[in-house]
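# Chains, contacts and geometry: an overview
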Amino acid sequence: MPRSDRATTPAIRERSRRHSWVRVFLPVALILVWLVGASLGGPLFGKVDEVSSNDQTTYLPESADATQVQELLGDFRDSDEIPAIAVFTSETALTDAEISAITDAVADAPSLEGIADDVSPALVSDDGYAVQAFIPISGDAELKDVTAELGDELRASAPDGVSVYITGPAGFTADLAAGFAGIDGLLLGVALLAVLVILVLVYRSFLLPLVVLSTSLFALCVALLVVWWLAKFEILLLSGQTQGILFILVIGAATDYALLFVARFREELRIAEDKGTAVMAAWKGSFEPIVASGGTVIAGLLCLLLSDLKSNSTLGPVAAIGIVFAMLAAISLLPALLLLFGRAVFWPRRPRFEPEVVAEEHGMRTTGLWARLAGVITRRPRVIWIVTTLVLLAGAAGITQLNAVGVPQSDLVLGASDARDGQAALGEHFPGGSGSPAYVIVAEDSLQDAADVLLANDGVDSVAVTASDSPSGTASVTTDGVVAVGPPGTAAPDPTVVDGEVLLQATLTDAADSDAAAETVRSLRTELAGVDALVGGVTATAIDTNDASIHDRNLIIPVILVVIMLILMLLLRSILAPVLLILTTVLSFGTAMGVSALVFNGIFDFPGADPAVPLYGFVFLVALGIDYNIFLMTRVREESLAHGTREGVLRGLSITGGVITSAGLVLAATFAALSVIPILFLVQLAFIVAFGVLLDTFIVRSLLVPALAYDIGKKIWWPSKLWRRGLD
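The rules behind each value
Residues numbered from 1 in each chain as written. Predicted model: local features only at pLDDT ≥ 70, side-chain atom pairs only at ≥ 80, totals over all residues. Heavy atoms only, no water. Helix = DSSP H or I, 4+ residues; strand = E, 2+ residues; numbered from the N terminus. Buried < 20%, exposed > 50% of the residue type's maximum accessible area, 1.4 Å probe, protein only. Contact = heavy atoms within 4.5 Å. Polar contact = N/O pair within 3.5 Å; in protein donor to acceptor, adjacent residues only side chain to side chain. Pairing = 2+ DSSP bridges. Axes fitted to C-alpha atoms, helices over the stretch in contact; angles between N-to-C directions. Patch = residues over 30% accessible without salt bridge, like charges linked within 9 Å, V, L, I, M, F, W, Y side chains within 5 Å. Areas by Shrake-Rupley, 256 points an atom, 1.4 Å probe, with all protein chains shown as cover. Salt bridge = Lys/Arg side-chain N within 4 Å of Asp/Glu carboxyl O. Lys, Arg positive; Asp, Glu negative; His and termini not counted. Charge placed at Lys NZ, Arg CZ, Asp CG, Glu CD. Parallel < 35°, antiparallel > 145°, perpendicular 65-115°, else oblique. Left-handed = near helix turned anticlockwise from the far one by under 90°. Nonpolar A, V, L, I, M, F, W, Y, C, P; charged D, E, K, R; others polar. Expected span 1.5 Å × (residues − 1). Arc of directions from axis to C-beta. Phe/Tyr/Trp six-rings, centres within 6.5 Å; stacked < 30°, edge-to-face > 60°. pLDDT = per-residue confidence, 0-100. Core = buried A, V, L, I, M, F, W, Y, C linked by side-chain atoms within 4.5 Å.

## Looking at the overall build of the protein
Helices and strands together make up the secondary structure of the protein, namely 23 helices and 10 strands. Buried residues in the protein amount to 54% of all 728 residues. At a minimum sequence separation of 6, the contacts of the protein that also span at least 24 residues come to 80%.

## Here's the deal with the environment of Ser417
Residue placement: Ser417 occurs in the loop between α14 (381–396) and α15 (418–429). Taking relative accessible area as the criterion, Ser417 reaches 3% and is therefore assigned buried. Residues Ser417 and Phe172, 245 residues apart in the sequence, show an inter-C-alpha distance of 8.5 Å. Within the structure, Ser417 has its side chain in polar contact with the backbone nitrogen of Arg420 (distance 3.0 Å).

## With respect to the sheet that holds strand β3 (residues 130–137)
An order of β2-β3-β1-β4 is seen for the four strands of this open sheet, with the pairing classed as antiparallel. Each edge of the sheet is formed by a strand with only one pairing partner; in this case those strands are β2 (123–124) and β4 (163–167). Sheet analysis places β2 next to β3, joined by two bridges and oriented antiparallel. Bridge pairing in β3 links Leu123 to Gln132. Each of β1 (82–89), β3 and β4 touches helix α5 (residues 168–179); the most contacted strand, β1, lies at about 100° to it.

## Some thoughts on a negative patch on the surface
Taken together, the side chains of Glu444, Asp445, Asp449 and Asp494 define an acidic patch exposed on the protein surface. Mapped onto the elements of the fold, Asp445 is located in the loop between β5 (438–443) and α16 (447–456).

## So, the packing of α5 against α15
Their axes nearest at 8 Å, the elements α5 and α15 cross at an angle of 155°. Relative to α15, the element α5 is oriented roughly antiparallel. In this structure, α5 meets α15 at a crossing whose hand is left-handed. Note on element contacts: α15 touches α5 through Asp418, Ala419, Arg420 and Gln423, opposite Gly171, Phe172 and Asp175. Taken together, the residues of the contact of α5 with α15 sort by class into two nonpolar, two polar and three charged.

## A look at helix α4 (residues 143–157)
Here α4 contains 15 residues, and its C-alpha end-to-end distance of 21 Å stays within 8% of the 21 Å for a straight helix at 1.5 Å per residue. For α4, the full list of buried residues reads Leu143, Val146, Thr147, Leu150, Gly151 and Leu154. Projected down its long axis, α4 carries its buried residues within an arc of 135°, all on one side. For α4, the exposed residues set more than 90 degrees away from the buried face come down to Asp152 and Ala156. Residues of α4 that are buried make contact with β1, α3 (96–107), β3, β4 and α5.

## Some remarks on unusual backbone geometry
The omega torsion across Trp347 and Pro348 is 10°, close enough to zero to call that bond cis. Within the secondary structure, Pro348 is located in the loop between α11 (315–341) and α12 (355–361). Even without being a glycine, Glu234 presents a positive backbone phi close to 60°. Note that Glu234 resides in the loop between α7 (207–232) and α8 (240–269).

## A short note on the packing of aromatic side chains
The final tally for this structure, using the stated rule, is 16 aromatic pairs. Arranged with centres 5.0 Å apart and planes meeting at 90°, the rings of Phe589 and Phe618 form a pair that is edge-to-face. Of this pair, Phe589 sits in helix α19 (residues 576–602) while Phe618 sits in helix α20 (residues 612–643), placing them 29 residues apart in sequence. Each of the two residues, Phe589 as well as Phe618, counts as buried.

## Concerning the confidence of the model for the protein
Across the protein, pLDDT averages 85, with 90% of residues at or above 70. Per-element mean pLDDT across the protein ranges from 49 in strand β8 (residues 481–482) up to 94 in α14. Scored below 50 in pLDDT, residues 1–8 shows two contacts in the model against residues more than four places distant or in partner chains. In this model, residues 482–490 is a region of pLDDT below 50 whose contacts with residues beyond four sequence positions or in other chains number 21 contacts.

## Thoughts on the packing of α14 against helix α22 (residues 680–712)
Close contact between α14 and α22 brings their axes to 8 Å; oriented N to C, the two are set at 140°. Comparing the axis directions of α14 and α22 gives the class oblique. By crossing handedness, the relation of α14 to α22 is classed as left-handed. Where α14 approaches α22, its residues Pro381, Arg382, Ile384, Trp385, Thr388, Thr389 and Leu392 are matched on the opposing element by Leu695, Ile699, Val700, Leu703, Leu704, Ala707, Leu708, Tyr710 and Asp711.

## Notes on the nonpolar core
Looking at soluble globular proteins, one finds that nonpolar side chains tend to be buried together. Counting residues in each nonpolar core, the largest one holds 161 residues, and the members touching the most others are Tyr257, Leu301, Tyr616, Phe620 and Phe671. Sequence-distant contacts of Leu301, defined by excluding residues within four places in its chain, comprise Leu249, Gly316, Ala319, Ala320, Ile323, Val619 and Phe620. The next biggest cluster of nonpolar side chains, apart from the first, holds 28 residues, and it includes Ala64, Leu309, Val440 and Leu508.

## Points about a nonpolar patch on the surface
A surface patch of nonpolar side chains, about 410 Å² in accessible area, is lined by Val28, Leu32, Leu35, Leu340 and Phe341. Only α1 (3–41) and α11 provide two or more residues apiece to the nonpolar patch. Ranked by residue count, the leading element in the nonpolar patch is α1, at three residues. Here Leu340 is to be found in helix α11.

See below:
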């Protein structure tokens, strides 16, 4: 051995030992860090309701009338009780004995835990077939459980042949809580099972799906840990709806990023015998598209901060936190796991070390579905993209049938609903707005003027003013002034005055969540403008929520498009390519919404959609759909630098086709899992995003974008150097 070799051999061996030590220590350290984070975040599943709220009023802008009224209500009432309405109905006229039994049952309600003492007397309907009672539930009680127990007790005490329903604000809120109850268990279980099945079918491996799912689940646990504590300290607002979207988004995005990394790792194992070399090469090749993809989604989500509606503005940072940890898990935890397992992770189909075969293929697959599709595109690119565009435009025409102007509160929960049935029964025998009045706050000296306006409106059945010295807490109001509730001759109680203002309660003739009630409240706001009154309550809250949601939709969608386009321009060093990618993604979104509208109306017969449905659908389809274009076009650009644009398009399609299709299937399956939660908004969002992702995966990214890029050639990179100096 030469002297120089003998001199350097110990140094080489020392470096090799250090390198091997680092190779073992670093992945183990990363895995331990993620394991600690997941162990802290995992126990928080099932505890999100401790830091979340489904009260619509808390998500309205502070400037909204309904918000201001809600804040002032506490000054007129001693507690934050939530009213429940117990409705008793019979097919025959109620007898005195039956009414007495119902009255006794209502009077005993405060003996139940969570029921306040100030229960109203039982009120018999004019037709004698129904009785209603207002039963307040303590604000700090577990509403779903208390409402269920109250219903069971009243049904047990009711006479034979009398049906009992619990409705009103407490009943509908309890329905929502019951609908969201499956988020922690059912939703997560269905989503993970769907992903596992797809991964097993795609990779025909046992260990790899578990490694990928572990990456996604660890990302979700750590994201939940951060979000939970931010909500705990009231830095973020969290709702059941936001929670469900967070779970699905993190699982879907983390799995997509993991699949991209795994595909690159598998490629590198064919040309690198050492697993460490393959992991590092895969990391270098995957880092930019993963970060660019995640950054695009985060930028789109953070545009929601411009929203007036807090349910939208708070979703942005919550979901963005989830995407951050999805990215971090894909570029840190997953490489560490792959470095430990190496080729064994693909067992029983381990990739072989075959650099000679790869060299013969020139880095491009020449067989298989995607290679054949690339061949089809080379022959008829213009015909393919024109026909595809026309088909998508035809589907997008259905968007005119989308009814996204809001839905009644009674239709928010799918399936059986005691509150919905109770509201229908209530409307048959009493004024439809019983128990959910419109609250009007007005100056004391304008009390009579406001009362006159309210009573003159055909949509108002009766008006009461808050009066603390009245037995019922309110006194009825007529055009002649305030009169007492009680026997003739009883002295008129004085209204409760807070800072020179009084509170009027207007019982509407129509159900509080109906279109007719909304029109009544809108007209009252116009008519009361002269007395400077604020109108709030359930109906007003729904109106303000819909108005704010429509404003957000019209503002945020264009902003998201501009932001994502700028990111793509920086990533692809081009102007024309990003513009075309945005246009194809918007076309895909339009088609998804158009087809969804036809399905919602013609198959599911949904009553309509929340105005936020198109906004959320746009955010997720554009932000996530552009991911696949990023995966494709970054690889196309990489190949174009060496082989020319048209050859680069074919190579990019054939190389990324399998992994992007797998990622699309995973993302569609995870969003489809949202449909197991019986909430109309989530079911509609699940269909729109799942269908849109599949459309984007199999049509837009597989046919439209490659054919368009191939037809345009190197001009698609205008005005970059690749356009000026590259090859077609």
